[in-house]
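Commentary on secondary and tertiary structure
For reference, the chains in residue letters:
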Number of protein chains: 2
Amino acid sequence: MSEQTITVTLATEKKPKPDPSKLEFGKVFTDHMFMMDYTVENGWHNAQILPYQPITLDPASVIFHYGQAVFEGMKAYLTAEDKVLLFRPEKNMERLNKSNDRLCIPEIDEEFALDALKQLINVDREWIPTGEGTSLYIRPFVISTQPFLGVAASISYKFMILLSPVGSYYKEGVKPVKIFVENEYVRAVAGGTGSAKTAGNYASSLKAQQIATQKGYSQVLWLDGVEKKYIEEVGAMNVFFKIGDEVVTPVLNGSILEGVTRRSVLDLLKHWNVPVVERKISVEEIFEASKNGELKEAFGTGTAAVISPIGEFLWNETSITLNNGETGELAKKIYDTLTNIQNGREEDPFGWTVEV
Amino acid sequence: MSEQTITVTLATEKKPKPDPSKLEFGKVFTDHMFMMDYTVENGWHNAQILPYQPITLDPASVIFHYGQAVFEGMKAYLTAEDKVLLFRPEKNMERLNKSNDRLCIPEIDEEFALDALKQLINVDREWIPTGEGTSLYIRPFVISTQPFLGVAASISYKFMILLSPVGSYYKEGVKPVKIFVENEYVRAVAGGTGSAKTAGNYASSLKAQQIATQKGYSQVLWLDGVEKKYIEEVGAMNVFFKIGDEVVTPVLNGSILEGVTRRSVLDLLKHWNVPVVERKISVEEIFEASKNGELKEAFGTGTAAVISPIGEFLWNETSITLNNGETGELAKKIYDTLTNIQNGREEDPFGWTVEV
Ligand SMILES: Cc1ncc(COP(=O)(O)O)c(C=O)c1O
Ligand SMILES: Cc1ncc(COP(=O)(O)O)c(C=O)c1O
């Protein structure tokens, strides 16, 4: 399948590029997109780069009724030397196929998909923004297109890649966020789809997020769905805590998404000889550690924000403040190192970046 | 909003009707569909009945990425007197709004939606098939259409209704099915979306169903996501057991969908003075009852099959057979009564049917 060629149709009219200082997340898209189709007879075929445009589907398509869809999120960065870098993109393609497997979607050739992505980025290269903290957000996704109302895996699909220039997550510098510990709504449970990036996981999360926002909190801390006791993730990020001199993060238990940023933070900490453990962490332990003065820092990790320091947790009626609501030293160091590697400003001893 | 008028555009060409004896489920659609749009400025508006046709959406639409979508399933029946009957349709519209609420989708005027449905059915009335066990399947659904990649509730939606003539679920008469008790995969957990009809719930269920099918079982028995001990649903149906002289069904616990058929079976049994209880039921209890000769019958309930008798359960390595793999007396009686009421062949003492 890697032998497949990609048909390229260039846009005759180009859209105006947005003001890089006013970029928002995920609202503006580049001139082109990648698309390929799947049918049982032909497998994945009809790979094309074509002008960004609406898609037309039968209203009975599986995606509209049963949400059989998965996606990925990654970024391309423009270096000072005008090189375009991706960050561990093979990890995203691997995870895409894990998600595909969980939702009974046919596997995609990972090398071919990465190749298609690189070609697409080259076509829309001038869309990669240049300001500090900006990047080109990349959204590969698969949707189920068979017009059939039976609850069964679709027999046809579309795999697409969209590109969106995005601004710095931190317009006024890295700033710690306030987190609401969610006791009622559950994001995922072992045996469910939490360890995959399925569309439905995000629809389910909207309600809790809406309530947290109304209360003035920026994200939700998700607890496990069984005992509502152990910490899983924060918003759409993985989460780390520094307790005493040790860094801890919830162990992958089947309901947590394995973040590429999480993996990289673990690798980085080991490289720095900072003690780091993956294990079960109860929310009670975190509140106890705060009371005892042992809780030094907490931060979320994910492609969008890279590192998102946490300044406060509210759990039932009790709130705790971390590091006086300021960004912790460790969070800052990880953020700087990762973004420097991603933007080619610092040597990449891990071989994480891939040039387009 | 009920004052809203519906613009009707009739199809200039009509599709050929399918052979009623060869009808499958959810593959053929009528000549028209209903559609209305939601925007923050205008609320639900632009209500139209129009020729069945593909819809065109931006590839960044929320539905494709975060699966923010809900649906309903109901049927219209043609009586011997040529009347068209709906079965408790107000319950479906009520549940649609419960699902909407869970997924942060704006409420729909239930009366208006029912009215729109009736108008649509009238336009496509000649599509209602007439053979024994046939009906017109009705699929109301809502999809999120804002082109935005942030994880947030969409600010625009489409509410649509599709109609599909469907054949008898039981081509060779009502036949008991073999059920696989699922120990690994979980359909839903309290705090999740199990009690709503969200698109994502069905995508998550595909994997377990696929495995059960491969093993020669026709549906999955879902256990609770916390202890994997208590019975929740069977496939996309609610489930009932007759133990001794008593009928039991899992109590609504926040992760079970409240089926309209389930509600009607409960009402019917009470009307008949058959002892019936909603409570927690462990799979162990069912296997014990079978050993003791107390387990008389089991059956699923849902709009598609109405009543689906169960002939066998496999749990780990042990299987039990019910009523010699034959349809039980009670299941048969409920099936006959419900389908007779639905098709206007028997008096409807509950006022369940609504004429179009
Ligand atoms: C639920 C969830 N957890 C964690 C992450 C972080 O993963 P990554 O670091 O690969 O972006 C994401 C975002 O992709 C996510 O959606
Ligand atoms: C998960 C699930 N449970 C139960 C049911 C049965 O509900 P109803 O009787 O309203 O069709 C359905 C089907 O609609 C379903 O999808």
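Remember, predicted model here, so these are calculated numbers, not experimental data. (Residues numbered from 1 in each chain as written. Chains lettered and ligands numbered in written order. Predicted model: local features only at pLDDT ≥ 70, side-chain atom pairs only at ≥ 80, totals over all residues. Heavy atoms only, no water.)

**Looking at the pattern of salt bridges**
Counting across every chain of the model gives 32 salt bridges over all chains. For A:Arg345, the salt bridge identified is with A:Glu132, shortest N-O distance 3.8 Å. Remark: A:Glu132 occurs in the loop between helix H3 (110-123) and strand S8 (135-144) and A:Arg345 occurs in the loop between helix H7 (329-342) and strand S19 (353-355); sequence separation between them is 213 residues. A:Arg345 sits in the partly exposed class, given a relative accessible area of 45%. Among the salt bridges present, the one from B:Asp37 reaches B:Lys158, with a minimum N-O distance of 2.9 Å. In this pair, B:Asp37 sits in strand S2 (residues 32-39) while B:Lys158 sits in strand S9 (residues 156-166), placing the two residues 121 residues apart along the sequence. Accessibility expressed as a relative area gives 13% for B:Asp37, which makes it buried. On the basis of relative accessibility, which here comes to 14%, the residue B:Lys158 falls in the buried class. Each of A:Lys14, A:Lys17 and A:Glu126 takes part in a single network of salt bridges with overlapping partners. (Salt bridge = Lys/Arg side-chain N within 4 Å of Asp/Glu carboxyl O. Helix = DSSP H or I, 4+ residues; strand = E, 2+ residues; numbered from the N terminus. Buried < 20%, exposed > 50% of the residue type's maximum accessible area, 1.4 Å probe, protein only.)

**Description of the relation of the copies chain B and chain A**
Under the fitted operation, chain B is carried onto chain A by 0.0 Å of movement along the axis and a turn of 180°, and the coordinates agree to an RMSD of 0.0 Å. Both copies are brought into coincidence by an operation consistent with a two-fold rotation axis. A share of 100% of the interface residues of chain B reappears at the interface of chain A, consistent with the copies meeting face to face through the same patch. (Least-squares fit on C-alpha atoms with pLDDT ≥ 70 in both. Contact = heavy atoms within 4.5 Å.)

**Regarding the pairing of strand S7 (residues 84-87) of chain A**
Residues and elements named next belong to chain A. Residues Val 84 and Leu 86 point to one face of S7 and Leu 85 and Phe 87 to the other, with burial holding for every one of them. Summarising the sheet, strand S6 (residues 74-78) and S7 pair through three bridges and their orientation is antiparallel. Bridge assignment links Tyr 77 to a residue of S7, and that residue is Leu 85. Between S6 and S7, which pair antiparallel in sequence order, lie five residues; one of them, Asp 82, sits at a positive phi of approximately 70°. (Pairing = 2+ DSSP bridges.)

**Digging into a negative patch on the surface**
Together, B:Glu90, B:Glu94, B:Glu107, B:Glu110, B:Glu111 and B:Asp115 make up a negatively charged patch on the protein surface. Looking at where B:Asp115 falls in the secondary structure, it is placed in helix H3 (residues 110-123). (Patch = residues over 30% accessible without salt bridge, like charges linked within 9 Å, V, L, I, M, F, W, Y side chains within 5 Å. Areas by Shrake-Rupley, 256 points an atom, 1.4 Å probe, with all protein chains shown as cover. Lys, Arg positive; Asp, Glu negative; His and termini not counted. Charge placed at Lys NZ, Arg CZ, Asp CG, Glu CD.)

**Examining the site of ligand 2**
Residues and elements named next belong to chain B. Around ligand 2, the structure places 15 residues, and the nearest of them are Lys 197, Tyr 202, Glu 233, Thr 261 and Thr 303. Tyr 202 places a side-chain nitrogen or oxygen 2.5 Å from an oxygen atom of ligand 2. Side-chain polar atom of Thr 261 to an oxygen atom of ligand 2: 2.6 Å apart, as the coordinates give it. Protein chains shield 95% of the accessible area of ligand 2, which is 390 Å² for the free molecule. Broken down by secondary-structure element, the contributors of at least two residues to the shell around ligand 2 are helix H5 (260-271) and strand S16 (295-302). Residue composition of the shell around ligand 2, grouped by class: five nonpolar, six polar and four charged. (Near = heavy atom within 4 Å. Polar contact = N/O pair within 3.5 Å; in protein donor to acceptor, adjacent residues only side chain to side chain. Nonpolar A, V, L, I, M, F, W, Y, C, P; charged D, E, K, R; others polar.)

**Describing the site of ligand 1**
Residue and element names in this part refer to chain A. With respect to spatial proximity, 15 residues lie near ligand 1, and among them Lys 197, Tyr 202, Glu 233, Thr 261 and Thr 303 are the closest. Measuring from a nitrogen atom of ligand 1, one finds a side-chain N or O atom of Glu 233 at 2.4 Å. Taking Thr 303, its side chain carries an N or O atom lying 2.6 Å from an oxygen atom of ligand 1. Protein burial of ligand 1: of its 380 Å² of free accessible surface, 95% is covered by the chains. Elements represented by at least two residues in the shell around ligand 1 include exactly helix H5 (260-271) and strand S16 (295-302). Split into classes, the residues belonging to the shell around ligand 1 amount to five nonpolar, six polar and four charged.

**Concerning the domain arrangement of chain A**
All names here are of chain A. Split into domains, chain A comes out as domain 1 (7-166) and domain 2 (177-342). Computed from C-alpha atoms alone, the centre-to-centre distance between domain 1 and domain 2 is 27 Å. Taken together, the 19 residues of domain 1 in the interface contact 20 residues of domain 2. Taken together, the two surfaces of domain 1 and domain 2 that pack against each other cover about 1,700 Å², and 60% of this comes from carbon and sulfur. If you sort the residues of domain 1 by the area they bury against domain 2, Phe 71, Phe 87 and Arg 95 come out on top, with a joint share of 35%. Counting every contact that joins domain 1 to domain 2 gives two salt bridges. The set of elements that each furnish at least two residues to the side of domain 1 that touches domain 2 consists of strand S5 (69-71), S6, S7 and helix H2 (89-102). (Domains from an automatic or database assignment. Buried area = accessible area lost by both parts, 1.4 Å probe.)

**Thoughts on the nonpolar core**
Core analysis: the largest hydrophobic core is formed by 48 residues, its most contacted members being A:Phe64 and B:Phe64. If you look at the next biggest cluster of nonpolar residues, it comprises 46 residues, including B:Val177, B:Val260, B:Ile307 and B:Leu330. (Core = buried A, V, L, I, M, F, W, Y, C linked by side-chain atoms within 4.5 Å.)

**Digging into the side chain of B:Asp224**
Residue and element names in this part refer to chain B. Mapping Asp 224 onto the fold places it in the loop between strand S11 (219-223) and strand S12 (231-234). Despite being buried, Asp 224 has no salt bridge partner; Lys 280 is the closest side chain of opposite charge, sitting 7.2 Å away. Engagement of the side chain of Asp 224 in a polar contact is seen with the backbone nitrogen of Lys 229, the distance being 2.8 Å. Look past the residues within four positions of Asp 224 in its chain and what remains in contact with it is Lys 229, Tyr 230 and Glu 232.

**Overview of H3(B)**
Taking 1.5 Å per residue as the helical rise, H3(B) with its 14 residues ought to reach 20 Å, and the 20 Å between its terminal C-alpha atoms agrees with that figure. Looking at where H3(B) begins, the residue whose side-chain oxygen comes 3.1 Å from the main-chain nitrogen of B:Glu111 is B:Asp109. (Expected span 1.5 Å × (residues − 1).)

**Things to note about the UniProt feature "modified residue: N6-(pyridoxal phosphate)lysine" (unreviewed entry) in chain A**
All names here are of chain A. This chain's UniProt record puts "modified residue: N6-(pyridoxal phosphate)lysine" (unreviewed entry) on Lys 197. Mapped onto the secondary structure, Lys 197 falls in the loop between strand S10 (177-181) and helix H4 (199-214). In this structure Lys 197 comes out as buried when scored by relative accessible area, which is 12%. Dropping the residues within four chain positions of it, Lys 197 is found in contact with Ala 69, Val 70, Phe 71, Glu 72, Gly 73, Arg 95, Ser 99, Tyr 202 and Leu 257. (UniProt positions renumbered as here; feature names shortened; annotations may be inferred.)

**Concerning the packing of H5(A) against H7(A)**
Residues and elements named next belong to chain A. Relative orientation of the contacting elements H5 and H7 amounts to 105°, with a least axis distance of 11 Å. Judged on the interaxial angle alone, H7 and H5 are roughly perpendicular. Residues Thr 261, Ser 264, Val 265, Leu 268 and Leu 269 of H5 touch H7, and the partners they reach there are Leu 330, Ile 334, Thr 337 and Leu 338. When its residues are assigned to classes, the contact of H5 with H7 shows six nonpolar, three polar and no charged. (Axes fitted to C-alpha atoms, helices over the stretch in contact; angles between N-to-C directions. Parallel < 35°, antiparallel > 145°, perpendicular 65-115°, else oblique.)

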